[in-house]
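One-letter residues, chain by chain:
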Amino acid sequence: TQSTWGFIKMEKVFALGIEGSANKIGVGIVDSKGNILANPRKTYITPPGTGFLPRETAEHHRKEVLGLVKLALEQAKLTLNDITLFCYTKGPGMGGPLSVGALVVRTLSLLYKKPIVGVNHCIAHIEMGRLVTHAENPAILYVSGGNTQVIAYSEKKYRIFGETIDIAVGNCLDRFARVLKISNDPSPGYNIEQMAKKERTVKKYIELPYIVKGMDVSFSGILSYISDLYAGKLAAVSYTHLRAHETLRYLVCRLLLEKKKQQT
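On a predicted model such as this, the values are computed, not experimentally measured, just so you know.

Draft legend 1. Seen up close, the sheet that holds strand β7 (residues 139–143). Overall, antiparallel pairing links the 3 strands, which are arranged β7-β8-β9 in an open sheet. Each of the sheet's edge strands pairs with one partner strand only, and the pair in question is β7 and β9 (157–163). Neighbouring strand axes in the sheet, compared pairwise and without regard to direction, differ in orientation by 35° on average. With 6 bridges joining them, strand β8 (residues 148–154) and β9 adopt antiparallel strand pairing. Within the sheet, the bridge partner assigned to I151 lies in β9 and is I160.

Here it is as structure tokens:
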């Protein structure tokens, strides 16, 4: 509230936020008009065929976070005294990595006597999209490594109208990338997309299971089938790795677009 924070009537508000819910740690600084003044980040990269574990990811974040805070302030041409409030990702996410941002922000808040705002990771994604697009009341298809949801704002809350019933689409793509030992640098999903682009001329896709239940979707069956196909557990099908990449990318995108159209 205004009486507690005392900065509501300030001409300029500068917020410094730390996001570290998964394998990326980032520090952002924005002003009250939504201008992004700084956004440096570092990603914990693991060897091909492997994922990232909470303990090792948290250790990576601890090593990088203070340097990123310093870099963000330099890019924004500000000091910590100029910051009006500190923000951190409260969840959802991996507990160990999340605790790094929370600890740093709480320490800065005590040292500089500034308020803290805990941010819901999912809502932050939506609000950033609204800020950039100037959308007033959008229907949202929210997809990431750990989330796949169809969301809309209703009765003063963001409400979920459809979601995955097993794994997220990002997790599906990442796990298939591990099966094929695709590089995690900069991310498995990005590398699948780049490889799939080389096969855009494909005329016939590999037949894969396509599961929808009302407004909900499922990706585990798709992943299991194409992984077994690669491992040779199913009847031989003429395909290349590139064709498999493009089939998987095309199918999950089409499935998600179908759910988005149902909502609108």
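Next comes the rest of the account.
Draft legend 2. Fine view of the nonpolar core. Formed by 24 residues in total, the largest nonpolar core has its most connected members in L16, I18, I29, L73 and I83. Tallying contributions element by element places helix α2 (residues 54–76) first for this core, with 7 residues.

Draft legend 3. The arrangement of the packing of helix α5 (residues 169–179) against helix α6 (residues 188–197) in detail. One can describe the packing of α5 onto α6 by two numbers: an axis separation of 8 Å at closest approach and a directional angle of 75°. By the angle between their directions, the pair α5 and α6 is classed as roughly perpendicular. Here α5 contributes L173, D174, F176 and A177 to the contact with α6, which in turn contributes P188, G189 and I192. In the contact of α5 with α6, the residues fall into 5 nonpolar, 1 polar and 1 charged.

Draft legend 4. View of the pattern of salt bridges. Inspection of every chain in the model, using the stated rule, returns 4 salt bridges. Note that E59 is salt-bridged to R62, the shortest N-O span being 3.0 Å. With E59 and R62 both in helix α2, this residue pair falls 3 residues apart, about one helical turn. Where R130 meets E127, a salt bridge forms, and the shortest distance between an N and an O atom there is 3.1 Å. Remark: E127 and R130 occur in helix α4 (residues 121–133); sequence separation between them is 3 residues, near one turn of the helix. In this structure E127 comes out as partly exposed when scored by relative accessible area, which is 31%.

Draft legend 5. Just the pairing of β8, in detail. For β8, the buried fraction is high: 5 of the 7 residues fall into the buried class. Here β7 runs beside β8; their pairing, made up of 5 bridges, is antiparallel. By the bridge assignment for β8, I140 is matched with I151. Here β7 folds back onto β8 in antiparallel fashion, the turn holding 4 residues. Here β8 hands over to β9 after 2 residues, with E155 in that stretch at a positive phi of 55°.

Draft legend 6. Local environment of the confidence of the model for the chain. For the chain, per-residue confidence averages 86 on the pLDDT scale, and 86% of positions sit at 70 or higher. With pLDDT under 50 throughout, residues 1–5 is counted as low confidence; its partners more than four residues away or in other chains account for 6 contacts.

Draft legend 7. Just unusual backbone geometry, in detail. A cis geometry characterises the amide bond from G91 onward to P92, with omega recorded as -10°. Topologically, P92 is positioned in the loop between β5 (85–91) and α3 (95–112). Cis geometry is adopted by the peptide bond preceding P186, which originates at D185 and carries an omega value of 0°. Looking at the secondary structure, you find P186 in the loop between α5 and α6. Positive phi is not limited to glycine here, since K77 has a value of about 60°.

Rules used throughout
- Residues numbered from 1 in each chain as written.
- Predicted model: local features only at pLDDT ≥ 70, side-chain atom pairs only at ≥ 80, totals over all residues.
- Heavy atoms only, no water.
- Pairing = 2+ DSSP bridges.
- Helix = DSSP H or I, 4+ residues; strand = E, 2+ residues; numbered from the N terminus.
- Axes fitted to C-alpha atoms, helices over the stretch in contact; angles between N-to-C directions.
- Core = buried A, V, L, I, M, F, W, Y, C linked by side-chain atoms within 4.5 Å.
- Buried < 20%, exposed > 50% of the residue type's maximum accessible area, 1.4 Å probe, protein only.
- Parallel < 35°, antiparallel > 145°, perpendicular 65-115°, else oblique.
- Contact = heavy atoms within 4.5 Å.
- Nonpolar A, V, L, I, M, F, W, Y, C, P; charged D, E, K, R; others polar.
- Salt bridge = Lys/Arg side-chain N within 4 Å of Asp/Glu carboxyl O.
- pLDDT = per-residue confidence, 0-100.

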